[in-house]
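The residues making up each chain are set out below.
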Amino acid sequence: MEISLTAGQLERLASIAKDALPNESCAFLLGEDGTVTEILPMRNIDESQVSFSIEPRELLGAYDFAESKKLQIVGIFHSHPAPPAPSGTDRKFMEINPVVWLIYSNTEHTFKAYINDNEVREVAVRITG
Ligand SMILES: [Zn+2]
């Protein structure tokens, strides 16, 4: 199990994370078969350094957009002002949203990915192109 992104997409996510500081940022990763083709930045309505929430209408808009482009939501991205490990809250929401969760650390400048299928485990981040 892995998630594939281009180096350019990872740079864009890192810059989304930096722009949101000191708060967490979030985005949907759309694509097919674990390969990201579109990044949809979302607004973190928590405006928090320890959590993120997406406004329900924006969430529905993202699902509509994905459907109109015939893309899947292959991942949920968010950033941490801490190491890129899922928090207790993340783990709870990962259970409800069993897609790949990609986390960027604003302190370590690294990406890590996880999925919850019965248990939380790490997913490889493959950089293409
Ligand atoms: Zn988190």
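Since the structure is predicted, the reported quantities are computational estimates derived from the model, not experimental observations.

**A few points about the overall build of the chain**
No. 1: Of the regular secondary structure elements, the chain holds three helices and seven strands.
No. 2: Each helix and strand of the chain, ordered N terminal to C terminal, gives the series β-α-β-β-α-β-α-β-β-β.
No. 3: Radius of gyration (C-alpha) of the chain: 13 Å, near the 14 Å computed for a compact globule of 129 residues.
No. 4: In terms of overall dimensions, the chain has C-alpha extents of about 35 × 30 × 30 Å along its principal axes.
No. 5: Counting over 129 residues, the chain shows a buried share of 42%.
No. 6: When contacts within the chain are restricted to residue pairs at least 6 apart in sequence, long-range pairs at least 24 apart make up 61% of them.
No. 7: Here the chain contributes 11 positively and 19 negatively charged side chains, and the mean placements of these two sets differ by 2 Å.

**Here we look at the coordination of the zinc ion**
No. 1: The zinc ion binds to the protein through His-78 (NE2), His-80 (NE2), Asp-90 (OD) and Asp-90 (OD), with metal-donor distances spanning 2.0 to 2.6 Å.
No. 2: In primary-sequence terms, the residues that donate to the zinc ion follow H-x1-H-x9-D. Linking His-80 in strand 4 (residues 72-80) with Asp-90 in helix 3 (residues 88-96), this pair joins segments that are 10 residues apart in sequence.

**A closer look at the packing of aromatic side chains**
Aromatic ring pairs are defined here through the distance separating the ring centres and the angle between the ring planes.
No. 1: The full count for this structure, using the stated rule, is four aromatic pairs.
No. 2: For the pair Phe-52 and Trp-101, a centre-to-centre distance of 6.1 Å together with 55° between the ring planes defines the contact as tilted. Taken together, the positions of Phe-52 in the loop between strand 3 (35-42) and helix 2 (56-68) and Trp-101 in strand 5 (residues 100-105) put the pair 49 residues apart, joining distant regions of the chain.
No. 3: Trp-101 sits in the buried class, given a relative accessible area of 3%.
No. 4: An angle of 45° between the planes, with centres 4.7 Å apart, marks the rings of Tyr-104 and Phe-111 as tilted.
No. 5: By relative accessible area, which is 5% here, Tyr-104 ends up buried.
No. 6: Here the aromatic residues Phe-77, Tyr-104 and Phe-111 are joined through ring pairs into a cluster of three or more.

**Observations concerning the nonpolar core**
No. 1: In this structure, Leu-13, Leu-29 and Phe-77 are the most contacted members of the largest nonpolar core, which totals 19 residues.
No. 2: Counting residues per element, the ones that place at least two in this core are strand 1 (2-6), helix 1 (7-20), strand 2 (26-32), strand 3, strand 4, strand 5 and strand 6 (111-117).
No. 3: In contact with Leu-13, not counting residues within four places along its chain, are Leu-5, Ala-27, Leu-29, Ile-39, Phe-77, Leu-102 and Phe-111.
No. 4: With 16 residues, the next largest nonpolar core counts Ile-54, Ala-66, Trp-101 and Ile-103 among its residues.

**Here's the deal with the side chain of Ser-79**
No. 1: Along the chain, Ser-79 falls in strand 4.
No. 2: For Ser-79, a relative accessible area of 0% puts it in the buried group.
No. 3: A distance of 2.7 Å separates polar atoms of two side chains, one belonging to Ser-79 and the other to Ser-25.
No. 4: Leave out the neighbours within four places in its chain, and Ser-79 touches Ala-17, Asn-23, Glu-24, Ser-25, Tyr-104 and Asn-106.

Parameters and conventions
- Residues numbered from 1 in each chain as written.
- Predicted model: local features only at pLDDT ≥ 70, side-chain atom pairs only at ≥ 80, totals over all residues.
- Heavy atoms only, no water.
- Helix = DSSP H or I, 4+ residues; strand = E, 2+ residues; numbered from the N terminus.
- Rg over C-alpha atoms; globule rule 2.2 N^0.38 Å.
- Buried < 20%, exposed > 50% of the residue type's maximum accessible area, 1.4 Å probe, protein only.
- Contact = heavy atoms within 4.5 Å.
- Lys, Arg positive; Asp, Glu negative; His and termini not counted.
- Charge placed at Lys NZ, Arg CZ, Asp CG, Glu CD.
- Donors = N, O, S within 2.8 Å, 3.2 Å for Na, K, Ca; no water.
- Phe/Tyr/Trp six-rings, centres within 6.5 Å; stacked < 30°, edge-to-face > 60°.
- Core = buried A, V, L, I, M, F, W, Y, C linked by side-chain atoms within 4.5 Å.
- Polar contact = N/O pair within 3.5 Å; in protein donor to acceptor, adjacent residues only side chain to side chain.

Keep in mind these numbers describe shape, not what the thing actually does.
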